Structure formats: C-alpha cells, structure tokens
Amino acid sequence: GVVYGVSCPDIVVEDLSLMNNMVGVFLIDSDGATVTNVTAEQNAYGVVIVQCENVSVDTSAAMENPMAGFMIQDSDGVQITTSDAVMNQGPMEMGTGVSALNCTNLSLQEMDASNNSFAGIDVEESSMVNINDVMADDNGAVGFILGGDTFAVTGCHIRRNLDAGI
C-alpha cells in the first residue's frame, strides 16, 4: 500500500507497513501531519515530505529504498525521532538515509542512519537544524553532509564511512 496526503492538514498515519511502491508515504502541503510506527521498505522512496510545516515522524523505519529513506524538501518544523533510515541502497549518489533540502527548524533525534549506499544524513540549503543522538555508521560515502547555516550536532556516532564522517 501507499499513503498520499495532499493538502491534508493534521493527517495521522500510523501502524502501517508499506512495501514495493514508488513511495511509501507521500505528504505535500499537509501541515501538522503525524507519522507513527510506520515501516516503509523496498519502495523507491520511503517517506517523502514536501512543503509541509510541523510534521512529526516517530518510531518509524525507512529501509531498503534505493533513492532515500526519508526525503524532506521545502518544509519547516519537521521532527523525526526514534526512527531508522538504514540499508537504503541506490545507484551513484542515491541511497541516502535522510535527505533534506531547503528546510528550516529540522530536528533529527535518536535515529539510526547507517548502511546506506551514499550518505546517512544529507541536509543541504537548510537552517536551524538540530541533529542529536544519531548514528551514521558504515555508509558508502559519508556519514553527514551539512550545508546551510545554524546547525547543532550533539551526541552522534559517525564511524566507518567510506569517505568523510562529516
């Protein structure tokens, strides 16, 4: 199955297993969305969040998705907590645990972003980003890519990546 939330404020997505689709969960313009206890695996993208505000993802997993586990774009106030973005294996610069572009107030906490073919965490052109207690080990290129301003990275474990840690 797949969940599309298009202009669905306060949508709640929970207790689902989503496999073998283009996208497991796709949220666009769905402010206040909550994703809890969702597994998105073997899709092209696990969870996609675009043009949303105040989205919460908790106790979820995005794995074995060749493009990205979690992809967040043009969003403000997205928080991903106690979730896994692992074993996302794709071609060239694909296969990233968490990919975020042009985001503000992004919070990634208590996550495992390991064993991805490119990067564990790739946050670019973003600001006010908090990354806390994230593990990014054994990724095919780098642990973290951070681009933008006002980043706080604390309590993270970044080990054994093929190229740079951060």
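Given the structure is predicted, the values throughout are model-derived calculations rather than measurements.

Caption draft 1: Structural view of the overall build of the protein chain. A count of helices and strands for the protein chain gives zero helices and 13 strands. The order of α-helices and β-strands along the protein chain, N terminus first, is β-β-β-β-β-β-β-β-β-β-β-β-β. The C-alpha extent of the protein chain, read off along each of the three principal axes, is 40 × 35 × 25 Å. Buried positions account for 47% of the 166 residues belonging to the protein chain. Residue pairs in contact within the protein chain that sit at least 24 positions apart in sequence constitute 32% of those at least 6 positions apart. Put simply, the protein chain shows about 7000 Å² of open surface, and 50% of that area lies on carbon and sulfur atoms.

Caption draft 2: Representation of unusual backbone geometry within the structure. Backbone geometry at Met-87 places phi at a positive 55°, although glycine is not the residue there. If you trace the backbone, Met-87 turns up in the loop between β9 (79-81) and β10 (96-101). Taking the relative accessible area as the measure of exposure, Met-87 reaches 36% and is therefore partly exposed. Positive phi values are uncommon outside glycine, yet Thr-150 reaches one of about 60°. You can see Thr-150 is positioned in strand β13 (residues 142-154).

Caption draft 3: Spotlight on a nonpolar patch on the surface. Together, Val-2, Tyr-4 and Val-6 make up an exposed nonpolar region whose accessible area comes to about 270 Å². In this fold, Val-2 is placed in the segment before β1 (3-6).

Caption draft 4: Spotlight on the pattern of salt bridges. Across all of its chains, the model carries three salt bridges by this definition. Salt-bridge contacts for Arg-159 lead to Asp-137; the nearest nitrogen and oxygen are separated by 2.8 Å. You can see Arg-159 sitting in the segment after β13 and its partner Asp-137 sitting in the loop between β12 (119-135) and β13, a full 22 residues away along the chain. Relative accessible area serves as the criterion here: at 36%, Arg-159 is assigned to the partly exposed category. Through salt bridges with shared partners, a single ionic network connects Asp-137, Asp-138, Arg-159 and Arg-160.

Caption draft 5: How the structure looks around a negative patch on the surface. A contiguous patch of negative charge on the surface is contributed by Asp-10, Asp-29, Asp-31 and Glu-53. Counting through the fold element by element, Asp-29 comes out in the loop between β3 (23-28) and β4 (34-41).

Caption draft 6: Fine view of the pairing of strand β5 (residues 45-50). For β5, the tally of buried residues reaches six of six residues, placing the bulk of the element in the interior. In the sheet, β3 pairs with β5 via five bridges, with the strands oriented parallel. By the bridge assignment for β5, Phe-26 is matched with Val-48. The pairing of β5 with strand β8 (residues 68-73) spans five bridges and is classified as parallel.

Conventions adopted
- Residues numbered from 1 in each chain as written.
- Predicted model: local features only at pLDDT ≥ 70, side-chain atom pairs only at ≥ 80, totals over all residues.
- Heavy atoms only, no water.
- Helix = DSSP H or I, 4+ residues; strand = E, 2+ residues; numbered from the N terminus.
- Buried < 20%, exposed > 50% of the residue type's maximum accessible area, 1.4 Å probe, protein only.
- Contact = heavy atoms within 4.5 Å.
- Areas by Shrake-Rupley, 256 points an atom, 1.4 Å probe, with all protein chains shown as cover.
- Patch = residues over 30% accessible without salt bridge, like charges linked within 9 Å, V, L, I, M, F, W, Y side chains within 5 Å.
- Salt bridge = Lys/Arg side-chain N within 4 Å of Asp/Glu carboxyl O.
- Lys, Arg positive; Asp, Glu negative; His and termini not counted.
- Charge placed at Lys NZ, Arg CZ, Asp CG, Glu CD.
- Pairing = 2+ DSSP bridges.

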